[in-house]
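Survey of secondary and tertiary structure
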Amino acid sequence: VKGASAWDAGWQWSGPGAYARKHSDLDGYVLMLGRLRAREALPALVEKAALLTERSEFSHFRAVAMALEQIGDPAGAPALARLLELPGVRGNHLEPVHEAGIVPYGSHSPGAGDVERRAALRELAVARALYRLGDVGGAGEAVLRAYGADPRSAYARHALLALGMGVPVPGTGR
């Protein structure tokens, strides 16, 4: 990981591609360092996070967020906070719509759903890792709370669980 001066070709979330390989070779090494909880890899991971831009592939964001979260060192939090500040990375939650349960997705063109899911999943992965590493500036919690009210229940449940708030069970009143 340390020897790689740039990211390789990553994977962008896509519905039809969800069953294919979901990470690049470098993503795989990054993920393995996280699974090993290799604290000595933290500088290299922070360096790789600094190379990410708003145009970088989803798999790179996910790999860095997961690895830093699994290592568990708060020193990785500033790198994650910077990722949330990149244009388009933050603010992809949907506000609840109370009129006839209609959720405005903006476009129903082919691929629009992939773009919407990719943006939300990228943001959630980074925010959850940031929150669990000490949440520099409170950005991780703010993102998770916004998704906690998202009408897309899978994202809302994930955010609430990450916040340790539990998940309401539909139809039970609890």
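Just above sits the structure.
This structure is a prediction, so every number in the text was calculated from the model and none was measured.

**Considering unusual backbone geometry**
- At R37, a position not held by glycine, the phi torsion is positive, near 55°.
- Take R37: it is sitting in the loop between α1 (25-35) and α2 (42-50).

**Brief notes about α1**
- Along α1, the positions that sit buried rather than exposed are L26, D27, V30, L31, L33 and G34. Buried residues in α1, looked at end-on, bunch into an arc of 155°, giving them a common side.
- For α1, the elements touching its buried residues are α2 and α3 (58-71).
- Positive phi shows up at R37, right after α1, with a value of about 55°.

**Points about the packing of aromatic side chains**
- All told, the structure shown has one aromatic pair when counted by the stated rule.
- Centre to centre, the rings of Y147 and Y155 are 6.3 Å apart; their planes meet at 90°, and the pair counts as edge-to-face. This pair shows no difference in class: Y147 is buried, exactly as Y155 is.
- One residue, R122, lies across the ring of F61, its end atom 5.1 Å from the ring centre.

**Thoughts on α3**
- Here α3 is 14 residues long and its end C-alpha atoms lie 20 Å apart, about the 20 Å a rise of 1.5 Å per residue gives.
- For α3, the complete set of buried residues consists of F58, S59, H60, F61, A63, V64, A65, M66, A67, L68, E69 and I71.
- Taken from the residues just after α3, G72 is the one with a positive phi, measuring 80°.

**Things to note about the pattern of salt bridges**
- Going through the model one piece at a time under the given rule, you end up with seven salt bridges.
- Residue R39 pairs with D73 through a salt bridge whose shortest N-O separation is 3.4 Å. Taken together, the positions of R39 in the loop between α1 and α2 and D73 in the loop between α3 and α4 (77-85) put the pair 34 residues apart, joining distant regions of the chain.
- Take R39: its relative accessible area is 46%, and that puts it in the partly exposed class.
- The class for D73 is buried, based on a relative accessible area of 18%.
- In this structure, E47 and K48 form a salt bridge, with 3.4 Å as the shortest nitrogen-oxygen distance.
- E47 gets classed as partly exposed once you look at its relative accessible area, which sits at 42%.

**Looking at the packing of α2 against α3**
- At a minimum axis distance of 10 Å, the contact between α2 and α3 shows a crossing angle of 150°. In terms of orientation, α2 lies roughly antiparallel with respect to α3. Helix-helix and strand crossings are classified by hand; for α2 and α3 the assignment is left-handed. Along the contact surface, α2 presents L42, L45 and A49, while α3 presents V64, A67, L68 and I71.
- Partitioning the contact of α2 with α3 into residue classes produces seven nonpolar, no polar and no charged.

Parameters and conventions
Residues numbered from 1 in each chain as written. Predicted model: local features only at pLDDT ≥ 70, side-chain atom pairs only at ≥ 80, totals over all residues. Heavy atoms only, no water. Helix = DSSP H or I, 4+ residues; strand = E, 2+ residues; numbered from the N terminus. Buried < 20%, exposed > 50% of the residue type's maximum accessible area, 1.4 Å probe, protein only. Arc of directions from axis to C-beta. Contact = heavy atoms within 4.5 Å. Phe/Tyr/Trp six-rings, centres within 6.5 Å; stacked < 30°, edge-to-face > 60°. Lys NZ or Arg CZ within 6 Å of the ring centre and 35° of its normal. Expected span 1.5 Å × (residues − 1). Salt bridge = Lys/Arg side-chain N within 4 Å of Asp/Glu carboxyl O. Axes fitted to C-alpha atoms, helices over the stretch in contact; angles between N-to-C directions. Parallel < 35°, antiparallel > 145°, perpendicular 65-115°, else oblique. Left-handed = near helix turned anticlockwise from the far one by under 90°. Nonpolar A, V, L, I, M, F, W, Y, C, P; charged D, E, K, R; others polar.

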